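Listed here are the chains, written in short residue letters.
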Amino acid sequence: MEALLNEWLWQEEFWLPPGIRWRDIEMKEDEGRFPLPRDLVYTLPLAFAFIALRYVFERLVALPLSRILGVKDRIRIGAPSIPKLEAFYKQNSRQPSQSEVVSLGKQCGLSQRKIHTWFRHRRNQDRPSNTKKFCEASWRFVFYVVAFTAGLGSLINTPWFWDHRECWRGYPKQPVSEAHYWYYVLEMSFYLSLLLCVSVDVKRKDFKEQVIHHIATLFLIGFSYCGNYVRVGTLVMLVHDSSDFLLESAKMFHYAVWTRTCDSLFVVFALVFLVTRLVVFPGRVIHTTLVVSLEFFQPFLGYYFFNALLLVLQALHVFWAYLILRMVYKFVFLGKVERDERSDEESNVDEEEEEEDEPEDEGEECSWEQRKGAINSKLASLANNCVLNNLTNQRNISSRLPKAR
């Protein structure tokens, strides 16, 4: 069975241009390394190594850095301990329907408003703190800076960096340098670690798009290595890394409330992203794989699959460009970047409702006393204003009486 699967999976019609066989691209030891699928087995242990390294980095480097930069976490009202509501929250739904709210209210002897308030506070307890967001952004920032710097250093002297026709000259018999091999392995390991941690990372509005992006990226890196599209693949990874570290740095200063620095970095990021993802990537990279490659070989199944993955990435670029342009609009017309358009899901609505909520249950007596004191002070101020207004009017009337007489 395994032999039949290998025979079907590695058919020459899938991976190689017409007229080329596997024996035609075999290389001798002195000719260099030819990419083989077994080279990628190191990506899985390296992905777990990245996760362990991230754990250490966030606690020893990112956490102290967040305190130095002044990152502050928001204090949220905790939900009181109600076992039935807690069980429903964990086992059924975080946002119960109206009929479920009525049923829970009968079971717990609480009003519908108190049920809604409890679930709102309970959801806010699970919201990621600014410190957690800062640590996650700082980890990605460090990797993207190192990856972009190393990738640019390894590619700037290669002929295909300046002339994209060199990506296909001699294909598929193209040796892979040791630097580009490790560039591939480390990038694939990092994205695999992000996919493994997607359930514990901060969930944002584009959560589904992020998962699709990670999966498409892994397929793209793995397939391009096995099919020896390494020269084009290194350009794709470099284009993506060029703007990613700017985004993560802007997010770091956003969580630290360094508004001017965040806004400046965001403007630079928006320009780099729009140029690299909407101009360079489709105009140079995808044009090279779709059009220029046909000057060197006839299309085959691998050609179509590789370009399909690139087009999926381009569709995600258009989606994110839309979000970025919305933020640019806010920056231009409102004067600042108010929120991250990809901020964690539902947090804005719940937190605003939490501020406006008037607690009624016994677990919120302290908050109610504070609100009561604030209301009393406002009423006293209003009463004083009314008294002053009456006295002023009385004086005006008295001053006019002699003239009337």
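Keep in mind it's a predicted model, so treat the numbers as computed, not measured.

**A short note on the overall build of the protein**
For step 1, the next point in the chain: The helix and strand tally for the protein stands at 15 helices and 0 strands.
For step 2, the next point in the chain: Relative to its full complement of 405 residues, the protein shows a buried share of 43%.
For step 3, the next point in the chain: Here the protein has roughly 22,800 Å² of accessible surface; of this, 61% comes from carbon and sulfur atoms.

**With respect to the pattern of salt bridges**
For step 1, the next point in the chain: A full pass over the atoms with the stated rule returns 7 salt bridges.
For step 2, the next point in the chain: With a shortest N-O distance of 3.9 Å, Arg 59 and Glu 58 are connected by a salt bridge.
For step 3, the next point in the chain: The partner of Arg 169 in a salt bridge is Glu 166, and the shortest N-O contact between them spans 3.0 Å.
For step 4, the next point in the chain: On the accessibility criterion, Arg 169 (42% relative accessible area) is partly exposed.
For step 5, the next point in the chain: Through salt bridges with shared partners, a single network forms among Arg 54, Glu 58 and Arg 59.

**Quick notes on the packing of aromatic side chains**
For step 1, the next point in the chain: Summed over all chains, the structure comprises 29 aromatic pairs.
For step 2, the next point in the chain: Relative to Phe 190, the ring of Trp 139 lies with its centre 6.4 Å away and its plane at 45°, an arrangement referred to as tilted. With Trp 139 in helix 7 (residues 130–155) and Phe 190 in helix 9 (residues 178–196), the pair connects residues that are 51 residues apart, well separated along the chain.
For step 3, the next point in the chain: Following the ring pairs from residue to residue traces out a cluster consisting of Trp 168, Tyr 171, Phe 223, Tyr 229, Phe 297, Phe 300, Phe 305 and Phe 306.

**Let's talk about the nonpolar core**
For step 1, the next point in the chain: Counting 66 residues, the largest nonpolar core has Trp 168 and Phe 281 as the members making the most contacts within it.
For step 2, the next point in the chain: Only helix 3 (43–69), helix 7, helix 9, helix 10 (207–226), helix 11 (230–255), helix 12 (259–290) and helix 13 (301–334) provide two or more residues apiece to this core.
For step 3, the next point in the chain: Among the elements that line this core, the one with the most residues is helix 13, at 11 residues.

**Let's talk about unusual backbone geometry**
For step 1, the next point in the chain: Of note, the amide linkage connecting Tyr 171 to Pro 172 takes the cis form, showing an omega dihedral of 5°.
For step 2, the next point in the chain: Residue position: Pro 172 is located in the loop between helix 8 (159–162) and helix 9.

**Looking at a nonpolar patch on the surface**
For step 1, the next point in the chain: Where nonpolar side chains cluster on the molecular surface, the patch consists of Tyr 55, Val 56, Leu 60 and Val 61 and spans about 400 Å² of accessible area.
For step 2, the next point in the chain: Tracing the chain through its elements places Val 61 in helix 3.

**Quick word on the UniProt feature "transmembrane region" (unreviewed entry) in the protein**
For step 1, the next point in the chain: What UniProt calls "transmembrane region" (unreviewed entry) maps, in this numbering, to residues 40–57, 141–161, 181–200, 261–281 and 301–325.
For step 2, the next point in the chain: Annotated as 100% helix and 0% strand, the span residues 301–325 places its first and last C-alpha atoms 36 Å apart.

**Examining the packing of helix 7 against helix 9**
A pair of packed helices is captured by two measures, namely the crossing angle of their axes and the spacing between those axes.
For step 1, the next point in the chain: Look at helix 7 against helix 9: their axes get within 10 Å of each other, and the N-to-C directions meet at 160°. When the interaxial angle is binned, helix 7 and helix 9 end up roughly antiparallel. Where helix 7 crosses over helix 9, the handedness of that crossing is left-handed. Taking contact as the criterion, the partners of Trp 139, Arg 140, Phe 143, Tyr 144, Ala 147, Gly 151, Ser 154 and Leu 155 in helix 7 are, on helix 9, Ala 179, His 180, Tyr 183, Leu 186, Glu 187, Phe 190, Tyr 191 and Leu 194.
For step 2, the next point in the chain: Of the residues that constitute the contact of helix 7 with helix 9, the class distribution is 11 nonpolar, 3 polar and 2 charged.

**With respect to the packing of helix 5 (residues 98–108) against helix 6 (residues 112–125)**
For step 1, the next point in the chain: For the pair helix 5 and helix 6, interaxial distance at closest approach is 9 Å and the crossing angle is 105°. As far as their axial angle goes, helix 6 and helix 5 are roughly perpendicular. Facing helix 5, whose interface residues are Gln 98, Val 101, Val 102, Leu 104 and Gly 105, helix 6 presents Gln 112, Ile 115, His 116 and Phe 119.

**Remarks on the environment of Lys 203**
For step 1, the next point in the chain: With respect to the helices and strands, Lys 203 occurs in the loop between helix 9 and helix 10.
For step 2, the next point in the chain: Separated by 75 residues in the primary sequence, Lys 203 and Pro 128 place their C-alpha atoms 8.8 Å from one another.

**So, helix 3**
For step 1, the next point in the chain: The largest bend in helix 3 amounts to roughly 45° and is located at Glu 58.
For step 2, the next point in the chain: Where helix 3 is concerned, the buried positions are Thr 43, Ala 47, Phe 50, Arg 54, Phe 57, Glu 58, Ala 62, Ser 66 and Leu 69.
For step 3, the next point in the chain: Summarising the contacts, the buried residues of helix 3 are in contact with helix 7 and helix 9.
For step 4, the next point in the chain: Following helix 3 by one or two positions, Gly 70 adopts a phi angle in the positive range, close to 85°.

**Focus on the confidence of the model for the protein**
For step 1, the next point in the chain: Averaged over every residue, the pLDDT of the protein is 78; residues scoring 70 or more account for 77%.
For step 2, the next point in the chain: Mean pLDDT values for the elements of the protein range from 46 in helix 14 (residues 347–356) up to 93 in helix 3.
For step 3, the next point in the chain: Note on residues 345–370: pLDDT under 50 across the span, and 43 contacts to partners over four residues away in sequence or across chains.

Conventions used here
- Residues numbered from 1 in each chain as written.
- Predicted model: local features only at pLDDT ≥ 70, side-chain atom pairs only at ≥ 80, totals over all residues.
- Heavy atoms only, no water.
- Helix = DSSP H or I, 4+ residues; strand = E, 2+ residues; numbered from the N terminus.
- Buried < 20%, exposed > 50% of the residue type's maximum accessible area, 1.4 Å probe, protein only.
- Areas by Shrake-Rupley, 256 points an atom, 1.4 Å probe, with all protein chains shown as cover.
- Salt bridge = Lys/Arg side-chain N within 4 Å of Asp/Glu carboxyl O.
- Phe/Tyr/Trp six-rings, centres within 6.5 Å; stacked < 30°, edge-to-face > 60°.
- Core = buried A, V, L, I, M, F, W, Y, C linked by side-chain atoms within 4.5 Å.
- Patch = residues over 30% accessible without salt bridge, like charges linked within 9 Å, V, L, I, M, F, W, Y side chains within 5 Å.
- UniProt positions renumbered as here; feature names shortened; annotations may be inferred.
- Axes fitted to C-alpha atoms, helices over the stretch in contact; angles between N-to-C directions.
- Parallel < 35°, antiparallel > 145°, perpendicular 65-115°, else oblique.
- Left-handed = near helix turned anticlockwise from the far one by under 90°.
- Contact = heavy atoms within 4.5 Å.
- Nonpolar A, V, L, I, M, F, W, Y, C, P; charged D, E, K, R; others polar.
- Bend = angle between axes of the 7 residues up to and from the residue.
- pLDDT = per-residue confidence, 0-100.

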